[in-house]
Amino acid sequence: MNNHSPLVSLVGAGPGDPELLTRRGASRLGAADLVLYDALVDPALLELAPRARRWFVGKRAGKRAMQQETIGKLMVRAARRGQRVVRLKCGDPCVLGRGGEEALVLAEAGVPYEIVPGVSSALAAPALAGIPVTHRGLSSGFVVITGHSAASTDPLLDGLAPGRYTVVVLMGLRRRRAIAQRLIERGWPADTEMAVLTSASHADATRWLGTLGAVALGLCDADESRPGTLVIGDVVGLARSIGGAEVPLQATKQAQGGSR
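These figures come from a predicted structure and were not determined experimentally. (Residues numbered from 1 in each chain as written. Predicted model: local features only at pLDDT ≥ 70, side-chain atom pairs only at ≥ 80, totals over all residues. Heavy atoms only, no water.)

Caption draft 1: Looking closely at the packing of helix α6 (residues 150–158) against helix α7 (residues 176–185). Between α6 and α7, the shortest axis-to-axis distance is 10 Å and the interhelical angle comes to 30 degrees. Taken together, the axes of α6 and α7 lie roughly parallel to each other. Viewed along their axes, α6 and α7 form a crossing whose handedness is right-handed. Of the residues in α7, those touching α6 at Thr153, Asp154, Leu157 and Asp158 are Ile179, Arg182 and Leu183. Looking at side-chain class alone, the contact of α6 with α7 contains 3 nonpolar, 1 polar and 3 charged residues. (Axes fitted to C-alpha atoms, helices over the stretch in contact; angles between N-to-C directions. Helix = DSSP H or I, 4+ residues; strand = E, 2+ residues; numbered from the N terminus. Parallel < 35°, antiparallel > 145°, perpendicular 65-115°, else oblique. Left-handed = near helix turned anticlockwise from the far one by under 90°. Contact = heavy atoms within 4.5 Å. Nonpolar A, V, L, I, M, F, W, Y, C, P; charged D, E, K, R; others polar.)

Caption draft 2: Representation of a nonpolar patch on the surface. Taken together, the side chains of Leu96, Leu123, Phe142, Val144 and Met171 make up a nonpolar region of the molecular surface, amounting to roughly 410 Å² of accessible area. Among the secondary structure elements, Met171 is positioned in the loop between β9 (166–170) and α7. Exposure remark for Met171: the relative accessible area of 46% places this residue in the partly exposed category. (Patch = residues over 30% accessible without salt bridge, like charges linked within 9 Å, V, L, I, M, F, W, Y side chains within 5 Å. Areas by Shrake-Rupley, 256 points an atom, 1.4 Å probe, with all protein chains shown as cover. Salt bridge = Lys/Arg side-chain N within 4 Å of Asp/Glu carboxyl O. Buried < 20%, exposed > 50% of the residue type's maximum accessible area, 1.4 Å probe, protein only.)

Caption draft 3: Highlighting the pattern of salt bridges. One pass over the structure, following the stated rule, counts 18 salt bridges. Here Arg226 makes a salt bridge to Asp204, at a shortest N to O gap of 3.7 Å. Taken as a pair, Arg226 in the loop between α8 (212–216) and β12 (228–232) and Asp204 in the loop between β10 (193–198) and β11 (206–211) lie far apart in primary sequence, 22 residues in all. One continuous salt-bridge network, built from bridges that share partners, spans Asp154, Asp158, Arg175, Arg182, Glu185 and Arg186.

Caption draft 4: Up close: the environment of Arg174. For Arg174, the location among the structural elements is in the loop between β9 and α7. Separated by 51 residues in the primary sequence, Arg174 and Ser225 have C-alpha atoms spaced 8.9 Å apart. Here Glu224 takes part through its backbone oxygen, which lies 3.5 Å from a polar atom of the side chain of Arg174. (Polar contact = N/O pair within 3.5 Å; in protein donor to acceptor, adjacent residues only side chain to side chain.)

Caption draft 5: Geometry of the packing of helix α3 (residues 68–80) against helix α4 (residues 99–108). At a minimum axis distance of 10 Å, the contact between α3 and α4 shows a crossing angle of 45 degrees. Classed by the angle they form, the pair α3 and α4 counts as oblique. Two packed elements cross with a definite hand, and for α3 against α4 that hand is right-handed. Contacts between α3 and α4 involve Gln68, Ile71, Gly72, Met75 and Val76 on the former and, on the latter, Glu101, Glu102, Val105 and Leu106. Considered class by class, the residues forming the contact of α3 with α4 number 5 nonpolar, 2 polar and 2 charged.

Rendered as structure tokens:
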């Protein structure tokens, strides 16, 4: 693809820390004329696009700043005017990020585009907290699901056999108690390990280690205004030995079936 042709780049910004942006993502920002960015994108990343117009198009807690259809029209219109567009999305564009939907809009409009993968919080949040999502003898696979609403989450939870995989839930912080209760009702042992992680890769990240039962009883406090990741499965117990770059192991303390 010609470097001078109109181009839309669907760029994954990573879990939050600007240093976890890929080199290609940084390059596309540097060449951008227009950046459409989501909530949770670190402001430092926008400074990598010094000549671009910057529009916030994200949403938090269900409050959308701009309709998805409008975002698609903006990208198409700008590209047809010869502008280079970066659609900057948290994590990876195609992991619960509507990247596929936006790529289809661009393809149908005949607009040249690319997908620039990013580090998903589904992988980064557990790893930075000392939790490998797979580990020999404990878990040979993992699943990533949305925790956004009961309608979208419950059918997925109902299809998960107890203890078979590590379960990573994105956008499920507010519904953590309901999610834990649902799994217990479906046969998961109440003593199954569970982690509640917030603000992955940021200096104010938190890590709570406990069990499904403790979360179901409401014993896990968390700041629900922060981005959060839930991790469920035996691998969570490794965090007590591995520790984590974000939250030193000695900072955790046992309390009512979990640690904060």
